[in-house]
Amino acid sequence: MNAKQELWAPVIRTKDSIPQIMFDVFLALIPCWLAGLIFFGLPALWIVLLSTATAVLVEALFMRYPLSLKGIFGDGSSLVTGVLVGLILPPTVPWWIPIVGSALAITIGKLVFGGLGNNIFNPALIGRAVLLLAFTAPMVKYVSPFDAVTEATPLLAMRSFDWALVWGNVSGSIGETSVIAILIGAAYLVFRKLIDWRIPVGYAGTAFAVAYIWGLDPWLAVTGGGLLFAAVFMATDMVTSPVNPMGRLLFGCGCGLLTILLRKYTSFPEGVTFAILTMNALVPLLDMLTVPVIFGARRSREQRFATTIAVAVVICLAWGVLAVINRTVPEEVPATADGVYLPLVETLGTDAYATAAINDKVYYFTGAQEAPEKVALVGSEQGYHGPVYFYLVLDGSGRIEHIQILTHSDDPGLGSLITRRSFLDQFIGLDGTELVADVDIQGITGATISSRAVIRGVANELERFQEAFYGSAGDDAAAGYVDGSYLAEASGFGGPVKVEVTIVNGRIAAVKVLEHQETLGISDEAVKVMPQRIAEANSPDVDLVSGATVTSKAIAVAVQKALDQAEVKEPGGSQGLAANVPDGVYRGKGAGFNGDVVVDVTVAGGRITALEVVEHADTPLYAQGAFTQLIPAIIEAQELVDARAGATFSSRGLLAAVEAAVSGAAVPSGGGLAGDLPDGVYRGRGTGFGGEMVVDVTVSGGRIMAIEVVEHADTALYAQGAFTQLIPEIIARQEFVDARAGATFSSKGLLEAVETALTGKEAQ
Amino acid sequence: MGNKTFPRGGGHIPHRKDATKNKPVMAMPAPQQAVIPLSQHAGAPCRPVVKVGGRVKLGQKIGEAEQYVSAPVHASVSGEVVEITERPLLDGTKSMCVIIENDGLDEAEPLVAQDYSRLSVSQIAELIREAGVVGLGGAGFPTHVKVEPPKPVDTVLINGAECEPYLTCDHRLMLEQPHKLIEGLKILMQAVGARQGIIGVEVNKPEVIRVLEQACAEQSYVRVAGLKVKYPQGAEKQLIKAILGREVPSGGLPADVGCIVQNVQTAVAVTDAVVHGVGLYQRVITVAGAAVYDPRNVLVRIGTPIRDVIDFCGGMGNPAAIIAGGPMTGQLVQDLTAPVVKPLSGILVLSKDEISYELNQPCIRCARCIDHCPMGLQPNFLADWSNKGLYDQAERNHIMDCIECSLCSYVCPAKRGLCRSIQAGKQVVRAGKTAV
């Protein structure tokens, strides 16, 4: 504000000034800030304070404002930018994020353009855009209000509108969650005539309409993310929005359209930032094309033409973006799960997820492995022309939260219809018991085979998930016991505890503690309750009785021993194919029709528990059918079954491979990296791009079962991709694999860390 | 009654009329020496028709208009012509003036009362021209040109809106001389052949509306229209739109939509000119502002130095600015010896608290100037193009349609001199046109 004072007509002027306007906007933001404080606590305070202080200070230094209490604020615009930057950050960000964001917003967002009034883009959004691209993981880590549990934003987590959105009692950025607070701020701004209703109404209205047309919940679309906050406080930024009424309306509509487009088709959970920044770039054009008709003139043909062009530009831009995005939709990608980006961080809501291979399948999950909060996995099923790869996110109980088709090779316009949300959204919220084609899920006319394949594949994966995380379901488990009474004992606190387990109809009918020398009074409860619990659960894996843990445990162990005796001797049992093979995964090779068939055979307890075809060169249509029939048959019979007619060569190849695997079993295929290591978790370190990374490698039975990246300092966008590809590969092959192009340093760091973990040989 | 207004733009600005609106007009004694510029109007300057040393009577023509768009000037005192020389005007520029030493006798030409109902259109126009009547609202456009419009006119509007803050001279005239005003309106209607005459008054002057309605009660073709209080209600095109709903086309004249607009005091002057044959040698001006001790409306002779007028109103203390005209469209007085001229409606002696400076902070594109522009223009862009010399672009975007009401500058939170830049741009565009 070092402008020269001059006296010219008019000699009276409005009392309003730029600092006054900025202060009013600041006041309007206070309800949102308060809402953030209520829901997210102290972080909402210090994040916004840090961002604001940084913005004010950076601008004051660059603009050489006097560093006095009042002078430091200059025209007040840095105050508003700083608060805005803070309010659009998640409440979990580390302390340096608001500082970097504000500094970027003020410098590259505003000052480089020549300061206030000259910037093309909304400074606060520039700050957020850079943060989003550079530090993706912390920028999309949202937590629930009050208890700060990591969770996805309502846009991903919710399926429909909820009144919690109005109060703001949901996860989200600090100032963006409370609709009430935003509307209070909006009312104040409208009352003070600082915003034109056309922008927020056009924005929210268009988003509502587009969401409705595309079958999304329109109320959720408008209230569920940062849309409303942006419509009121960001899109209305005077400097970066059009000056003419018609232009403002179009600007708002364009923002709304783009936001929904970007949310739907990009990997970012929220489209607001890039929607508004894109429209910011169009402002000069909109200004030019929407010049109002002056007094005493009629709307000229040129003006009508210009307005039409302006409307067309906004629509074309939106559809242009859609077209570009469509190009990158997996339809065009070769049908392989490799190289496809998995939106793990976005859908799991955190980058702190674990990766583990269970039953030879890679799962990404949050929470404990015994009680996962969310689990993500990639599944596949044979479609019309080839395999369909899909990506599933389940909640802890196995309900589908998210599903998307990663790749498929079915026909555009027919089989490819399975990528439509209208089809996929039917899966959301269902679990394994609810997946019946044309009952729970409507197939797609013209894509019957493809859509059924997806349903079948998902159902399979849900079953595998249950098995992987919770073991076999209760009924099936007990079916394996032979009726009768079994005795067993285990050592307790005072001596051996002897139990009798009675099996009726394959289930535990009764558990009786026959003898024990446990302390009377203390162990009574355990002796009384544990048998009941075990009988009820049909499993010794029950909660122990507190205060009598040792006795409880002894009872459970004794029951387990008894049950071991009651184990059904499966057909083939000790005489089976793998009867004398130690536990492990074995690889074998056999000649198919076009080349080798390679299989991995998993052996546990002398039985083949899983068969996986790793590689084959046969015609999918024939081979796939053969494999899907033969594999279950082999596992069931525990012997080599007859080849399947119509695919004799493929069948024979498979059988030969299985045989080779089991017979050559002297060398477990897992004799690779961790072949001679005792079970345990090993920690290792390596150097990535941004610094040291730490991994935990879980070894069991001489095989690497899981690799978890405990810590890394690399750019999330690149590193994440490298990790999600490399880790399953290492686990599958049990050997080092090639580094991933594009993230060479992160890959090498990971490999190095795994190596040091295994060679250090220090189990934790 | 009535709340007519123009539809787009406009805004509310402070009135600050209370100090003077209830005080009757007071006649000020003639000055010791009258300085009468030969150019007090829009159009060509006059040729002096008196010689140094010659005697003139009060109301005697001393400058003759030689072109159609021009008006003669008259002596405002009786006495001896002592000098014909260049003297500074209000804006500081110098102009040829006839300087008359007052003999204090006010010896006047005999008055000739006329019955105008028998006069032809051209006779009325000639009487108006002879009396040197020009637009007294501020523009100073010769009135006789206006009463001979190029197209048929059915309505004469009297602009009593007086939407500029501080100014109350029209207000007082309407209250004190309603019959003379209505007489003038009737003369103008006869001159242009109009069927109706309407006096537009902002509804914040209810007593004026009452008085005028009484005065024109028996006239079926003359009436009063109440106008909403909104700036610039008194701008010609906005007034026509508000009262008649007619929109003067871009670049056109009021006659294009069948009407002419005259200021209150001009209509009164027309009555004097046609009925009494008196030349225009005095007018009522408002002297107001917190820095003048006794703000009031004064009837003052043309040619009286500004300083004398202020002294007559008790003198001034600590003025921060002295403005000729209203605070929105007026100009800074550069020289206190400059004389009162015909289009001068007020002298404002403003204190520091009343004024606001131009700061030219960066435009934050708030678009208030666009929202408020009564002409639907984009003042921010027009000013920008003018400042950058992009006059073609400014002209394509109708810079010439700007009515220079200054509302854009008023509402600008960055206190940019928008209207001033646009005025400068208009001058260049206009000069470019005459050059071609």
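Structural data are supplied above this passage.
Residues numbered from 1 in each chain as written. Chains lettered and ligands numbered in written order. Predicted model: local features only at pLDDT ≥ 70, side-chain atom pairs only at ≥ 80, totals over all residues. Heavy atoms only, no water.

**Student:** Teacher, can you tell me more about the environment of A:G202 here?
**Tutor:** Residue and element names in this part refer to chain A. Here G202 shows up in helix α10 (residues 198–213). For G202, a relative accessible area of 5% corresponds to the buried category. Separated by 46 residues in the primary sequence, G202 and R248 have C-alpha atoms spaced 8.3 Å apart. If sequence neighbours within four positions are ignored, G202 has contacts with W197, L249, G252 and C253. (Helix = DSSP H or I, 4+ residues; strand = E, 2+ residues; numbered from the N terminus. Buried < 20%, exposed > 50% of the residue type's maximum accessible area, 1.4 Å probe, protein only. Contact = heavy atoms within 4.5 Å.)

**Student:** So what exactly am I meant to see when it comes to helix α2 (residues 121–130) of chain B here?
**Tutor:** Since there are 3.6 residues in each turn of an α-helix, residues three or four apart along the chain are aligned in direction. Every buried residue of α2(B) is accounted for by B:I124, B:A125, B:L127, B:I128 and B:R129. B:G132 sits one or two residues past α2(B) and shows a positive phi near 70°.

**Student:** Any chance you could explain unusual backbone geometry here in plain terms?
**Tutor:** The general pattern is negative phi for most residues beyond glycine and trans for most peptide bonds. The omega torsion of the bond from A:A9 to A:P10 falls at -5°, within 30 degrees of zero and hence cis. Assignment of secondary structure puts A:P10 in the segment before α1 (18–40). Going from B:Y231 to B:P232, the amide bond is cis rather than trans, its omega being -5°. Position of B:P232 relative to the elements: it lies in the loop between β11 (222–227) and α7 (236–244). Phi at A:R64 takes a positive value of approximately 55°, unusual for a residue other than glycine. Along the chain, the position of A:R64 falls in the loop between α2 (42–63) and α3 (77–87). Residue classification places A:R64 among the exposed residues on the basis of a relative accessible area of 74%.

**Student:** Would you take a moment to explain a nonpolar patch on the surface for this structure?
**Tutor:** A cluster of nonpolar side chains, contributed by A:L42, A:L45, A:W46, A:L49 and A:W95, occupies part of the molecular surface with about 520 Å² of accessible area. Take A:W95: its relative accessible area is 56%, and that puts it in the exposed class. (Patch = residues over 30% accessible without salt bridge, like charges linked within 9 Å, V, L, I, M, F, W, Y side chains within 5 Å. Areas by Shrake-Rupley, 256 points an atom, 1.4 Å probe, with all protein chains shown as cover. Salt bridge = Lys/Arg side-chain N within 4 Å of Asp/Glu carboxyl O.)

**Student:** How should I be thinking about the packing of aromatic side chains in this particular structure?
**Tutor:** In this description, an aromatic ring pair is defined by two values, namely the gap between the centres and the angle between the planes. Evaluated as defined, the whole model comprises 11 aromatic pairs over all chains. Between A:F39 and A:F146, the ring centres sit 5.7 Å apart and the planes meet at 70°, which makes this aromatic pair edge-to-face. Of this pair, A:F39 sits in helix α1 while A:F146 sits in the loop between α6 (136–139) and α7 (154–157), placing them 107 residues apart in sequence. Look at A:F39 and you get buried, because its relative accessible area is 10%. Geometrically, the ring pair formed by B:F381 and B:W385 is stacked, given 5.8 Å between the ring centres and 25° between the ring planes. Here the residue B:F381 and the residue B:W385 both occupy positions in helix α11 (residues 379–388), the gap between them amounting to 4 residues, near one helical turn. B:W385 carries the same exposure label as B:F381, and that label is buried. By way of ring pairs, the aromatic residues A:Y363, A:F365, A:F465 and A:F469 are connected into one cluster. (Phe/Tyr/Trp six-rings, centres within 6.5 Å; stacked < 30°, edge-to-face > 60°.)

**Student:** What's the story with the packing of α10(A) against helix α13 (residues 245–265) of chain A in this structure? I'm lost.
**Tutor:** All names here are of chain A. It is the contact of α10 with α13, at a shortest axis distance of 7 Å, that shows an interaxial angle of 35°. Crossing geometry of α10 relative to α13 is assigned as right-handed. Contact residues: α10 offers R198, I199, G202, Y203, T206, A207, V210 and A211, while α13 offers P245, R248, L249, F251, G252, C253, C255, G256, L257, T259 and I260. When the residues that make up the contact of α10 with α13 are grouped by side-chain class, the tally is 12 nonpolar, 5 polar and 2 charged. (Axes fitted to C-alpha atoms, helices over the stretch in contact; angles between N-to-C directions. Left-handed = near helix turned anticlockwise from the far one by under 90°. Nonpolar A, V, L, I, M, F, W, Y, C, P; charged D, E, K, R; others polar.)

**Student:** Explanation requested: the side chain of A:E59 in the structure shown.
**Tutor:** Residues and elements named next belong to chain A. Structurally, the position occupied by E59 is in helix α2. Assessed through its relative accessible area of 2%, E59 is described here as buried. When neighbours within four sequence positions are excluded, E59 is seen to be in contact with R64, Y65, D75, S77, S78, I106, K110 and L111.

**Student:** Explain the interface of chain A and chain B to me, please; I cannot follow it from the model alone.
**Tutor:** In many reports, interface size means the accessible area that the parts give up when they come together. At the junction of the two partners, chain A supplies 38 residues and chain B supplies 55 residues. Both faces combined, the contact of chain A with chain B buries some 4100 Å², and carbon together with sulfur accounts for 61% of it. Contact with chain B buries surface across chain A, with A:I12, A:R13 and A:F295 losing the most and accounting together for 23% of the total. Counting across the chain A and chain B interface gives 3 salt bridges. Our enumeration of links across chain A and chain B arrives at 19 residue pairs in polar contact (both at pLDDT 80 or more). (Buried area = accessible area lost by both parts, 1.4 Å probe. Polar contact = N/O pair within 3.5 Å; in protein donor to acceptor, adjacent residues only side chain to side chain.)

**Student:** Before we go on, may I ask you to explain the pattern of salt bridges in this structure?
**Tutor:** A side chain with one charge may pair with a side chain of the opposite charge, provided their charged atoms come close. Tallied over the entire structure, the rule returns 37 salt bridges over all chains. With a shortest N-O distance of 3.1 Å, A:E176 and A:R128 are connected by a salt bridge. With A:E176 in the loop between α8 (164–167) and α9 (179–191) and A:R128 in helix α5 (residues 123–134), the pair connects residues that are 48 residues apart, well separated along the chain. With respect to burial, A:E176 and A:R128 carry one shared label: buried. B:E176 is paired through a salt bridge with B:R172; the nearest N and O atoms lie 3.0 Å apart. Placement of the pair is B:E176 and B:R172 together in helix α4 (residues 169–176), with a separation of 4 residues, close to one helical turn. Judged by relative accessible area, which is 35%, B:E176 ranks as partly exposed. Beyond isolated ion pairs, a larger network of salt bridges with shared partners links B:K61, B:E64, B:E126, B:R129 and B:E130.

**Student:** Please explain the sheet that holds strand β6 (residues 484–491) of chain A as it appears in this structure.
**Tutor:** Hydrogen bonds between backbone atoms are what pair the strands of a sheet, whose relative direction is either parallel or antiparallel. All names here are of chain A. The 3 strands are arranged β6-β7-β8 in an open sheet whose pairing can be described as antiparallel. The open sheet has two edge strands with one neighbour each: β6 and β8 (507–515). Direction aside, neighbouring strands of the sheet carry axes that sit 25° apart on average. Pairing of strand β7 (residues 496–504) with β8 involves 7 bridges; the strand directions are antiparallel. Counterpart to K498 in the pairing with β8 is E515. Strands β6, β7 and β8 of the sheet are contacted by helix α21 (residues 549–566), whose axis makes an angle of about 140° with β6. (Pairing = 2+ DSSP bridges.)

**Student:** What exactly am I supposed to notice about the sheet that holds strand β10 (residues 196–202) of chain B here?
**Tutor:** All names here are of chain B. Read across the open sheet, the 4 strands follow the order β11-β10-β9-β12; overall the sheet is parallel. Two strands lie at the open edges of the sheet, namely β11 and β12 (259–263), each paired on one side alone. Taking each pair of neighbouring strands and ignoring which way they run, the sheet shows an average axis angle of 25°. In terms of strand pairing, strand β9 (residues 155–160) meets β10 through 6 bridges, oriented parallel. Within β10, the position partnered with V156 by the bridge is G197.

The quantities given are spatial measurements derived from coordinates; they are silent on function.
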